[in-house]
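The primary structure of each chain is shown beneath.
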Amino acid sequence: MREKRVAVKAAKKVVSQHLKKHGRPTTSGNYKINVNKVAKDLGVTVVEHDFSDDMSGVFVREGDSLFIGVNENHPPTRKRFTIAHEIGHFLLHAEDVIHHDNFDLESPSVVLYRSEGINSSAEVEANAFAAELLMPEQMIDECIEEGKTSIEGLAKAFNVSIDAMRYRLINLNYL
Ligand SMILES: [Zn+2]
């Protein structure tokens, strides 16, 4: 669990740097973190690619060049989660040269099942990172204090899938 805390801490740092640089995404009701900008600021190039459906994303380190490949056929919320997850691998798992994610990163049950035996702790960390990056705890708290309490409303405000938001609210002890 220590590693998960490290992952969350890394994400909080990235969020705070991002908000400092670009300001808060505050047209009211909009809490969407721009993951493409986050990647760009970290020197990572995001490329959309026509992967097969079971392939969510890939992280590639080529000398000094860093790439995230994301499946262009997936829905926007899923692409955002994939990019956030791959940024997590980039920041947390420096030893990885090429990292493939052949599963639906947004559905934790699938991730835990599919990644068993591969390197599930790295996947748990990358997902904890992605959750905090896309749905920062502090912003969720604020939203809920402001009275936005439906899972659908929160999912829309943060531009994530309803499943991802439900899982996040469970982890934050709201559900
Ligand atoms: Zn992964």
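The rules behind the values
- Residues numbered from 1 in each chain as written.
- Predicted model: local features only at pLDDT ≥ 70, side-chain atom pairs only at ≥ 80, totals over all residues.
- Helix = DSSP H or I, 4+ residues; strand = E, 2+ residues; numbered from the N terminus.
- Buried ≥ 20, exposed ≤ 12 C-beta atoms within 10 Å, placed from the backbone.
- Contact = placed C-beta atoms within 7 Å.
- Pairing = 2+ DSSP bridges.
- Core = buried A, V, L, I, M, F, W, Y, C linked by C-beta atoms within 7 Å.
- Arc of directions from axis to C-beta.
- Axes fitted to C-alpha atoms, helices over the stretch in contact; angles between N-to-C directions.
- Parallel < 35°, antiparallel > 145°, perpendicular 65-115°, else oblique.
- Nonpolar A, V, L, I, M, F, W, Y, C, P; charged D, E, K, R; others polar.

**Let's talk about the overall build of the protein chain**
And then number 1: Along the protein chain, the regular secondary structure elements total 8 helices and 4 strands.
And then number 2: Start at the N end of the protein chain and walk to the C end: the helices and strands fall as α-α-β-β-β-α-β-α-α-α-α-α.
And then number 3: Out of the 175 residues in the protein chain, the part that is buried amounts to 37%.
And then number 4: Counting contacts in the protein chain only where the partners sit at least 6 residues apart, residues at least 24 apart contribute 61% of the total.

**Here's the deal with the pairing of strand β2 (residues 57-62)**
And then number 1: Here β2 runs beside strand β3 (residues 65-71); their pairing, made up of 6 bridges, is antiparallel. Bridge assignment links Val 58 to a residue of β3, and that residue is Gly 69.
And then number 2: Once β2 ends, the chain turns through 2 residues before running back antiparallel as β3, passing Gly 63 with a positive phi of about 60°.

**As for the nonpolar core**
General note: in soluble globular proteins, nonpolar side chains tend to be found buried as a group.
And then number 1: If you look at the biggest cluster of nonpolar residues, it comprises 36 residues, and the most contacted ones within it are Leu 133, Leu 134 and Phe 158.
And then number 2: In contact with Leu 133, other than residues within four places in its own chain, are Ala 11, Val 14, Val 15, Ile 33, Val 35, Val 38, Ala 84 and Ile 87.

**Considerations on helix α7 (residues 151-158)**
And then number 1: Every buried residue of α7 is listed here: Leu 154, Ala 155, Ala 157 and Phe 158. Considered in projection along α7, the buried side chains sweep an arc of 165° and stay on one side of the axis.
And then number 2: Each element contacted by the buried residues of α7 is listed here: α5 (120-134), α6 (137-145) and α8 (162-171).
And then number 3: With its phi angle positive at about 55°, Asn 159 sits one or two positions after the end of α7.

**Description of the packing of α7 against α8**
And then number 1: Running from amino to carboxyl end, α7 crosses α8 at an angle of 110°, the nearest separation of the two axes being 9 Å. Between α7 and α8, the angle falls in the class roughly perpendicular. From α7, Ile 151, Glu 152, Leu 154, Ala 155 and Phe 158 reach across to α8, where they touch Ile 162, Met 165, Arg 166 and Leu 169.
And then number 2: The residue inventory of the contact of α7 with α8, partitioned by class, reads 7 nonpolar, no polar and 2 charged.

**Side note on the environment of Ala 94**
And then number 1: Locating Ala 94 in the fold gives a position in the loop between α3 (76-92) and β4 (98-101).
And then number 2: We classify Ala 94 as exposed; it has 9 C-beta atoms within 10 Å.
And then number 3: In this structure the C-alpha to C-alpha distance between Ala 94 and Arg 61, which are 33 residues apart in sequence, comes to 9.4 Å.

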